[in-house]
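Fold and geometry: a report
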Amino acid sequence: MRWQGNRQSDNVEDARDDSSGGGRQGFSIGGGGLSLGTVAIALVASYFLGINPMTVLNMLSGGGGVVGSSAPAQVSRQADPSAPQQPSKDPQVQFVATVLADTEDVWGDIFKQAGGQYEQPKLKIFRGATSTGCGRGEAAMGPFYCPADHKVYIDLAFYDTLRDRLGAPGDFAQAYVIAHEVGHHVQNLLGTSAKLDQARGRVGKAQYNALSVRLELQADCYAGLWANRAQRSRQIIEAGDIEEALNAASQIGDDTLQRKSQGQVVPESFTHGSSQQRVSWFKRGFESGDINQCNTFTKQPV
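Residues numbered from 1 in each chain as written. Predicted model: local features only at pLDDT ≥ 70, side-chain atom pairs only at ≥ 80, totals over all residues. Heavy atoms only, no water.

The next subject is the state of the cysteines. Structurally, a disulfide amounts to a covalent bond that connects the sulfur atoms of two cysteines. Tallied over the entire structure, the rule returns 2 disulfides. Between Cys-134 and Cys-146 runs a disulfide, and the two sulfur atoms are separated by 2.1 Å. Across the S-S bond of Cys-134 and Cys-146 the torsion is about 95°, and the bridge reads as right-handed. Here Cys-146 lies in strand β7 (residues 144-146) and Cys-134 lies in the loop between β5 (129-132) and β6 (135-138), a separation of 12 residues in the sequence. We classify Cys-134 as buried; its relative accessible area is 2%. Sequence-ordered numbering of the bonded cysteines in the chain gives a disulfide pattern of 1-2, 3-4. (Disulfide = S-S within 2.5 Å. Helix = DSSP H or I, 4+ residues; strand = E, 2+ residues; numbered from the N terminus. Buried < 20%, exposed > 50% of the residue type's maximum accessible area, 1.4 Å probe, protein only.)

Written out as structure tokens, the structure is:
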């Protein structure tokens, strides 16, 4: 991926040295703590979820989950958002900031062409655990987006997991992670996430899971759309890059993860989509570059 020398976003907060992670207490839902085993399952189940990580853990605890929930964050020391950000010398941070800037340019243009204005999300890099507008976030949840504070959160150690444990190496696979999470931010701005949140309680668990799949597949399509527009404007794609993204999409399909973790596939429990679906919708976004082709709620997921 050709990214060196391109613009870096000012919306990245490197909080890896921040001590406000909230300690080592368990992620609590409904007054009960979650075991490390449950969190380990969440590590598999919530890759690329992109919405409130409490949703996955709540489901694992027997609850229905709340997409886009704005549960109060735990009180902790927060970095001053008005403080000027110094350019990082860390190549990983530079990469993240460059990809985020590229998504800002792409979505800024799309919103402008539609007569609107794109609100840029923040991206917080943390280590281990952090406080968010949606509650306490853990690295074990994988990268996620919190709609309550309009922030993407990522522990960069996830990229090691992506390469070493999930079999999805490459810088474009890493860029896909960010573009997918930003896709959830776009859904939040457009009101898509709120509509899914409103469906909770009105539909059964299986139907709600099916709606969650459509939300995730749309974020995959948006990631492909970003790749299309970025390539048109800045020629960032090198040989093998799209294959890296498609491989990452395939490796984190619900069927693939379930087969690896439990030896069987339970389609009605899918919340993200099968490997084939995730690959297909990323390709749809990349090949079309058209946001209208990403309406997974009216088009049948393949």
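Following the sequence through the fold, Asn-188 ends up in helix α5 (residues 171-190). What makes Asn-188 buried here is its relative accessible area of 19%. Leave out the neighbours within four places in its chain, and Asn-188 touches Tyr-145, Pro-147, His-150 and Ser-193. (Contact = heavy atoms within 4.5 Å.)

A word on the sheet that holds β7. Hydrogen bonds along the backbone pair up the strands of a sheet, which may run parallel or antiparallel. With respect to topology, 4 strands assemble into an open sheet ordered β1-β4-β8-β7, the strand pairing being mixed. Where the open sheet ends on each side, the last strands, each with one partner, are β1 (12-14) and β7. Across the sheet, the axes of successive neighbouring strands diverge by a mean angle of 25°, strand direction being ignored. Looking at chain direction, strand β4 (residues 122-125) and strand β8 (residues 151-154) are connected through 4 bridges and run parallel. By the bridge assignment for β8, Leu-123 is matched with Val-152. (Pairing = 2+ DSSP bridges. Axes fitted to C-alpha atoms, helices over the stretch in contact; angles between N-to-C directions.)

On to the pairing of β6, then. Both β5 and β6 contribute to a ladder of 4 bridges, which runs antiparallel. When the bridges of β6 are listed, Thr-130 appears paired with Gly-137. Linkage of β5 to β6, two consecutive antiparallel strands, is achieved through a turn of 2 residues.

The next thing to look at is the pattern of salt bridges. Following the criterion strictly, the structure yields 11 salt bridges and no others. What you see here is one network of salt bridges that share partners, running through Arg-7, Glu-104 and Asp-105. (Salt bridge = Lys/Arg side-chain N within 4 Å of Asp/Glu carboxyl O.)

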